[in-house]
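Secondary and tertiary structure notes
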Amino acid sequence: MPKVLRPITAAAAGIIFTFGWLLFVDANIYQCQAAHPRPAVEWYMYVPLAVATVALMAANIFEADILDPNNWWGDEGMTTRARAWMLGCFFLGFSAVGAAVWIAAVKFWKAEDLNSQFAPVALVLSPIIIFISSLVFLLGRVFKSEDDEYAGLF
């Protein structure tokens, strides 16, 4: 059963990741069409999503078995270093969410019209969705059957 869950969770994480990016891109297109005379979406609004994407890749760069303290390979501090790396990746993901909240609060706090409210909501939700896809992908890689050589990305 776990061997069947790995491709399903990988596909689900990819769909969630794509939804997070497309939500923000759609909000940008809508915001650029609604705002006159210049678009209200700037280049720095993409930075939290890029940081969340880097956090997704960094959190899933090593095998999930390394986080198990009872693994049989590697030196004594490998699990500790892997957990510190995961903590750094989670910090990066949460800082992307915090940066998105900060940018949305500073940029759109005076917007009176309802047409400009879609971009800040999408700006805050997109890094959260990408972070959730990172967790789904990481948890999906934990499933390992006996005939697998390793539970890595390939």
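None of these values were measured; they are calculated from a predicted model. (Residues numbered from 1 in each chain as written. Predicted model: local features only at pLDDT ≥ 70, side-chain atom pairs only at ≥ 80, totals over all residues. Heavy atoms only, no water.)

Observations concerning the packing of aromatic side chains
Going by this rule: In this analysis, rings of Phe, Tyr and Trp, with Trp reduced to its six-membered ring, are considered paired at centre separations within 6.5 Å, and the interplanar angle assigns stacked below 30 degrees, edge-to-face beyond 60, and tilted for intermediate values. Labels follow the DSSP assignment, with helices taken as runs of H or I lasting at least four residues and strands as runs of E lasting at least two, numbered in each case from the N terminus. Three exposure classes are used, based on accessible area relative to the maximum for each residue type with a 1.4 Å probe and protein chains only: buried under 20%, partly exposed in between, and exposed over 50%.
Tallying each qualifying case throughout the model produces four aromatic pairs. Between F24 and Y46 the ring centres are 5.2 Å apart and the planes differ by 85°, which places this aromatic pair in the edge-to-face class. Taken together, the residues F24 in helix α1 (residues 2-34) and Y46 in the loop between α1 and α2 (47-59) connect sequence positions 22 residues apart. Its relative accessible area of 0% is what places F24 among the buried residues. According to the relative accessible area criterion, Y46 is partly exposed, its value standing at 33%. Connected via pairs of aromatic rings, a cluster forms that spans F90, F94 and F131.

Concerning the packing of helix α3 (residues 78-108) against helix α4 (residues 118-142)
This is how it is decided: Throughout, an axis means a line fitted to C-alpha atoms (over the contacting stretch in the case of helices), and angles, computed between N-to-C directions, take values from 0 to 180 degrees. By definition in this entry, angles of less than 35 degrees are roughly parallel, angles greater than 145 are roughly antiparallel, angles of 65 to 115 are roughly perpendicular, and the rest are oblique. Working rule for contacts: check all heavy atoms of both residues, and any pair within 4.5 Å makes them a contact.
Viewed as axis vectors pointing N to C, α3 and α4 meet at an angle of 170°, and their least axial separation amounts to 8 Å. By the angle between their axes, α3 is roughly antiparallel relative to α4. Contacts between α3 and α4 involve M86, F90, G93, F94, A96, V97, A100, V101, I103, A104 and F108 from the former and A119, P120, L123, V124, P127, I128, F131, L135 and L138 from the latter.

What about the environment of Y44?
Tracing the backbone shows Y44 in the loop between α1 and α2. On the accessibility criterion, Y44 (29% relative accessible area) is partly exposed. Sequence-wise, Y44 and A100 are 56 residues apart; in three dimensions their C-alpha atoms are separated by 9.8 Å. Residues in contact with Y44, not counting those within four places in the same chain, are I103 and K107.

Some thoughts on the confidence of the model for the protein
Condition: As a per-residue measure, pLDDT tells how confident the predictor is, with possible values from 0 to 100.
A residue-level look at the protein finds 79% of positions with pLDDT of 70 or above and a mean pLDDT of 81. Model confidence for the protein, summarised as mean pLDDT per element, is weakest for α1 at 87 and strongest for α2 at 94. This model gives residues 150-154 a pLDDT under 50, and the stretch forms 15 contacts once residues within four places in sequence are excluded.

Focus on the side chain of S126
Condition: Here a polar contact means two N or O atoms within 3.5 Å. Within protein one must be a hydrogen donor candidate and the other an acceptor candidate, and residues neighboring in sequence count only if both atoms are side-chain atoms.
With respect to the secondary-structure elements, S126 resides in helix α4. Within the structure, the side chain of S126 is placed 2.9 Å from the backbone oxygen of G20, a separation counted as a polar contact. Excluding residues within four positions of it along the chain, S126 makes contact with G20, L23, F24 and L49.

Topic: the nonpolar core
Heads up, the rule is: As used in this record, nonpolar core signifies buried Ala, Val, Leu, Ile, Met, Phe, Trp, Tyr and Cys residues forming a set joined through side-chain atoms within 4.5 Å.
Counting 18 residues, the largest nonpolar core has F24, M45, L49, A122, L123 and I130 as the members making the most contacts within it. Of all the elements in the fold, those that place two or more residues in this core are α1, α2, α3 and α4. Look past the residues within four positions of L123 in its chain and what remains in contact with it is F24, M45, L49, A100, I103 and A104. One finds F62, I66, A82 and M86 within the second-largest nonpolar core, a separate group that totals eight residues.

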